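Fold and contact review
For reference, the chains in residue letters:
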Number of protein chains: 2
Amino acid sequence: MAEKVILAVDACGGDRAPDVVLEGVAQALAADPDLEVILCGLPSVVEGFAAGHERCHAQPTSQVIEMGEHPAEAVKEKADSSIVVGCKLVREGRAQGFFSAGSTGACLVSATLNIGRIKGVKRPALGIILPGVQKETLLLDVGANADVKLDYILQFAQMGCAYMTSVMGVENPKVGLLNIGEEEAKGSLFAQDAFHLLRDRLPQFAGNCEGGDLLNGDFDVVVTDGFTGNVALKTIEGTSKMLFKLLKGAFMSSAMSKLGAVLLKGSLMELKRKVSPDTYGGSPLLGINGVCMVGHGSSNATAVRNGILSGCREVRAHVGDAIAAVVDRKRQGDA
Amino acid sequence: MAEKVILAVDACGGDRAPDVVLEGVAQALAADPDLEVILCGLPSVVEGFAAGHERCHAQPTSQVIEMGEHPAEAVKEKADSSIVVGCKLVREGRAQGFFSAGSTGACLVSATLNIGRIKGVKRPALGIILPGVQKETLLLDVGANADVKLDYILQFAQMGCAYMTSVMGVENPKVGLLNIGEEEAKGSLFAQDAFHLLRDRLPQFAGNCEGGDLLNGDFDVVVTDGFTGNVALKTIEGTSKMLFKLLKGAFMSSAMSKLGAVLLKGSLMELKRKVSPDTYGGSPLLGINGVCMVGHGSSNATAVRNGILSGCREVRAHVGDAIAAVVDRKRQGDA
């Protein structure tokens, strides 16, 4: 029997909430008999569902933060929103983690304010597991910190290693710095300084990672600022979207190609599953005192299910303890 | 009859030089009867070829800059290399443009030093035409300037508009700023400042472009610093590479899928051609007093051919004059 996990879930976040969220919660509860869910959201959404599902409790809230709202203002003004209430459940110890497919910005602000940072962590970072050819790679930060300082990058790398080891079971993760060339002298002045800091302070550092190596390289963790990381992540998603669109067009272009597509259907579905962002169902926010998984706004029920199950895995892996143990506090003066 | 164009071509640049370069030159000469080539490189490479081809002249040089060399040092130390000599031919007016598939860094340094900047241009920028779903998009800078100032970004946008109008025939190009959200308040502090500058000074500015919109969006020109631009470009290439690799695996996974792949061959070749970087065969360097096209190190003969022909098109479009006419000199005090 696995360790019991209680997760708070935002029933009202995501482009297709609440329907796909509720379906995803039901699937996750069915998949993990040791999972309990506290479903946060409007009473009309959460109460009926919780009454009909074992191991699901309703936490009615009166407000919802919409996708377009200014994150910091919305979190401040909507104290009874599902994103704020869900994070507070984690701080109070009533839940061990929080999942939402709602506004990423609001989740970041709320988790940082309402769950709080791990002692010594300067800035929490948002990660994403990329499905590479050789191996899965954790890229961070993908958007929590558009402007970063040099020592944040070192902490991102340390947190990333702790994540890959504790959650994904990767021994001795190899860390890369996202840069525009392999050699140490390549890149912006910031990237050059980051290279030297990582080389001097991080035993797991394996050198620069170019954009083309994110999916084809040999790195377990790749660190960058949240601006570059977000551009890279969305560029991967956009390239993939374009190619699948063109592929579909190619399949429909003639009677012969249509027949070919029918024959290929099975293996193409398999390919699509391999590169789908639904596999993990969300981005872990690293560096806070609890688990926080942020799902894609466009999540379907499978993605929500997988995001919740990924959150459970993080709780059971005690990723927060792993991060607390390795984060470099020297520059903060509290070591 | 088209305008006569003389291009200097680096016979010794690229992973598969000189063979694929010479083959590409031969194809370009055959395709454009008004093209003359001055072939720069080791005597053993250029003399025999030039003797055997009409409209091709040999410019023997004694040195070659290798891919791994430090660009600035190599350009300084190897005054008789094909990359230096080719650029000098442009400055002396003996050629109107230069093409090389050799070291991008050395080409940038040599073109800037030996051809020189257009008056008022602060920093030349490297562009790339991305094959989008809706339209082709010029992304710049993709690597000439890892660190930029705010007013470089404005000039990149102005140069990009001049390029798209003069060379690609796009009236009223729409310009985007690569950023991590659509709203004006999104992004790093630099990106926010760049947004305001472009909004206030560039009539063609149409807002922020996210990574996912590079290939799926409605922008004709997207501007960014050379660090982010290079990461984005290589991420596109890497994602494409991974998906084609997985696709190939999917095709070979069963007898049925192999048959399907045979039926799809024609339309897949068409798709691959559409997204291939070979279509333009290189990256234009914008802002110098002449044309400079830098081909991919991995160029094949078709890419070299197309890179040379793209260079011809730029010469005939008088892209330098178009850039000189629009570049914002106000901040340089020479207006």
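Worth saying up front: this structure is predicted, and the values here are computed from it rather than measured.

About the thresholds
- Residues numbered from 1 in each chain as written.
- Chains lettered and ligands numbered in written order.
- Predicted model: local features only at pLDDT ≥ 70, side-chain atom pairs only at ≥ 80, totals over all residues.
- Heavy atoms only, no water.
- Axes fitted to C-alpha atoms, helices over the stretch in contact; angles between N-to-C directions.
- Helix = DSSP H or I, 4+ residues; strand = E, 2+ residues; numbered from the N terminus.
- Left-handed = near helix turned anticlockwise from the far one by under 90°.
- Contact = heavy atoms within 4.5 Å.
- Pairing = 2+ DSSP bridges.
- Least-squares fit on C-alpha atoms with pLDDT ≥ 70 in both.
- Core = buried A, V, L, I, M, F, W, Y, C linked by side-chain atoms within 4.5 Å.
- Buried < 20%, exposed > 50% of the residue type's maximum accessible area, 1.4 Å probe, protein only.
- pLDDT = per-residue confidence, 0-100.
- Disulfide = S-S within 2.5 Å.
- Buried area = accessible area lost by both parts, 1.4 Å probe.
- Salt bridge = Lys/Arg side-chain N within 4 Å of Asp/Glu carboxyl O.
- Polar contact = N/O pair within 3.5 Å; in protein donor to acceptor, adjacent residues only side chain to side chain.
- Expected span 1.5 Å × (residues − 1).

1. As for the packing of helix 4 (residues 82-91) of chain A against helix 5 (residues 104-115) of chain A
Residue and element names in this part refer to chain A. With their axes 9 Å apart at the nearest point, helix 4 and helix 5 run at an angle of 35° to one another. The interaxial crossing formed by helix 4 with helix 5 has right-handed handedness. Counted together, Ile83, Val84, Cys87, Lys88, Val90 and Arg91 of helix 4 and Ala106, Cys107, Ser110, Ala111, Leu113, Asn114 and Ile115 of helix 5 form the full contact between these two elements.

2. Digging into the sheet that holds strand 10 (residues 283-286) of chain B
Residue and element names in this part refer to chain B. Overall, mixed pairing links the 11 strands, which are arranged 3-2-1-4-11-10-5-6-9-7-8 in an open sheet. At either end of the open sheet lies a strand with only one pairing partner, and these are strand 3 (56-60) and strand 8 (205-209). If you compare each strand with its neighbour and ignore which way they point, the axes differ by 25° on average. Two elements, strand 1 (residues 5-10) and strand 4 (residues 97-100), share three bridges in a ladder whose sense is parallel. Opposite alanine 8, over in strand 4, you have phenylalanine 98 as the bridge partner. Contacting strand 1, strand 2 (35-41) and strand 3, helix 1 (residues 19-31) runs over the sheet at an angle of about 165° to strand 2.

3. Focus: the relation of the copies chain A and chain B
Taken as rigid bodies, chain A and chain B are interconverted by a rotation of 180° and an axial shift of 0.0 Å, the fit giving an RMSD of 0.0 Å. Viewed as a symmetry operation, the transformation between the two copies matches a two-fold axis. Taking C-alpha positions as the reference, the residue of chain A nearest the rotation axis is glycine 260 of chain A, at 1.8 Å. When the interface residues of chain A are mapped onto chain B, 100% of them are again interface residues, pointing to one common binding face.

4. Some remarks on the nonpolar core
With 108 residues, the main nonpolar core has Leu214 and Leu271 of chain A together with Leu214 and Leu271 of chain B as its most contacted residues. Leucine 271 of chain A has contacts with Phe244 of chain A together with Leu243, Leu246, Leu247 and Ala250 of chain B, leaving out every residue within four places of it along the chain.

5. What about the sheet that holds strand 8 (residues 205-209) of chain A?
For sheets, the rule is that strands pair by backbone hydrogen bonds, running either parallel or antiparallel. Residue and element names in this part refer to chain A. With mixed pairing, the 11 strands of this open sheet are ordered in space as 3-2-1-4-11-10-5-6-9-7-8. The strands lining the two open edges of the sheet, one partner per strand, are strand 3 (56-60) and strand 8. Recorded for the sheet is a direction-independent mean angle of 25° between the axes of neighbouring strands. The pairing of strand 5 (residues 125-131) with strand 6 (residues 136-140) spans five bridges and is antiparallel. Bridge pairing in strand 6 places isoleucine 129 opposite leucine 138. Across the sheet, helix 4 is in contact with strand 1 (5-10), strand 2 (35-41), strand 3 and strand 4 (97-100); its angle to strand 4 comes to roughly 160°.

6. Quick word on the confidence of the model for chain A
Residue and element names in this part refer to chain A. Within chain A, residue pLDDT values average 93, and 98% of them lie at 70 or more. Counting interchain partners and residues more than four positions distant, the pLDDT-below-50 stretch residues 331-335 has 11 contacts. For this predicted complex, the interface confidence reaches an ipTM of 0.94, while the overall pTM sits at 0.94.

7. Some thoughts on the state of the cysteines
What the rule picks out here adds up to zero disulfides over all chains. Free of any disulfide, cysteine 12 of chain A has its nearest cysteine sulfur in cysteine 40 of chain A, 9.2 Å distant. Given a relative accessible area of 15%, cysteine 12 of chain A falls into the buried group. The thiol of cysteine 209 of chain B is unpaired, and the distance to the nearest cysteine sulfur, on cysteine 161 of chain B, comes to 14 Å.

8. What to know about the pairing of strand 4 of chain B
All names here are of chain B. Side chains of strand 4 alternate between two faces, with Gly97 and Phe99 and Phe98 and Ser100 buried alike. Where strand 4 meets strand 11 (residues 291-294), four bridges bridge the pair, whose relative direction is parallel. By the bridge assignment, phenylalanine 98 is partnered in strand 11 with cysteine 292.

9. Looking at the interface of chain A and chain B
Counting from both sides, the interface comprises 52 residues of chain A and, opposite them, 52 residues of chain B. The largest share of the area that chain A buries against chain B comes from Ile180, Phe227 and Leu263 of chain A, three residues that together contribute 15% of it. One can count two salt bridges joining chain A with chain B. Notably, a salt bridge pairs glutamate 210 of chain B with lysine 234 of chain A, separated by 2.4 Å at the nearest N-O pair. Counting across the interface, chain A meets chain B through 10 residue pairs in polar contact (both at pLDDT 80 or more).

10. Re the pattern of salt bridges
Summed over the entire model, instances satisfying the criterion amount to 26 salt bridges over all chains. Linking lysine 135 of chain A and aspartate 218 of chain A is a salt bridge whose minimum nitrogen-to-oxygen distance equals 3.2 Å. Taken together, the residues span a long stretch of sequence, with lysine 135 of chain A in the loop between strand 5 and strand 6 and aspartate 218 of chain A in the loop between helix 8 (213-216) and strand 9 (221-223) at a distance of 83 residues. Residue aspartate 220 of chain B pairs with lysine 135 of chain B through a salt bridge whose shortest N-O separation is 3.2 Å. Residue aspartate 220 of chain B is found in the loop between helix 8 (213-216) and strand 9 (221-223), and its partner lysine 135 of chain B is found in the loop between strand 5 (125-131) and strand 6 (136-140); the two are separated by 85 residues along the sequence. Residue lysine 135 of chain B is classed as partly exposed on the basis of its relative accessible area, which comes to 22%. Members of the salt-bridge network, linked through shared partners, are Lys135, Lys174, Asp218 and Asp220 of chain A.

11. Some words on helix 1 of chain B
Residue and element names in this part refer to chain B. Here helix 1 is 13 residues long and its end C-alpha atoms lie 18 Å apart, about the 18 Å a rise of 1.5 Å per residue gives. Here helix 1 has its buried residues at Val20, Val21, Leu22, Gly24, Val25, Ala28 and Leu29. Considering only its buried residues, helix 1 is in contact with strand 1, strand 2, helix 2 (43-52), strand 3 and helix 11 (301-316).

12. Notes on the side chain of serine 103 of chain B
Residues and elements named next belong to chain B. Mapping serine 103 onto the fold places it in the loop between strand 4 and helix 5 (104-115). Accessibility expressed as a relative area gives 5% for serine 103, which makes it buried. Aside from chain neighbours lying at most four places away, what touches serine 103 is Glu66, Met67 and Ile83.

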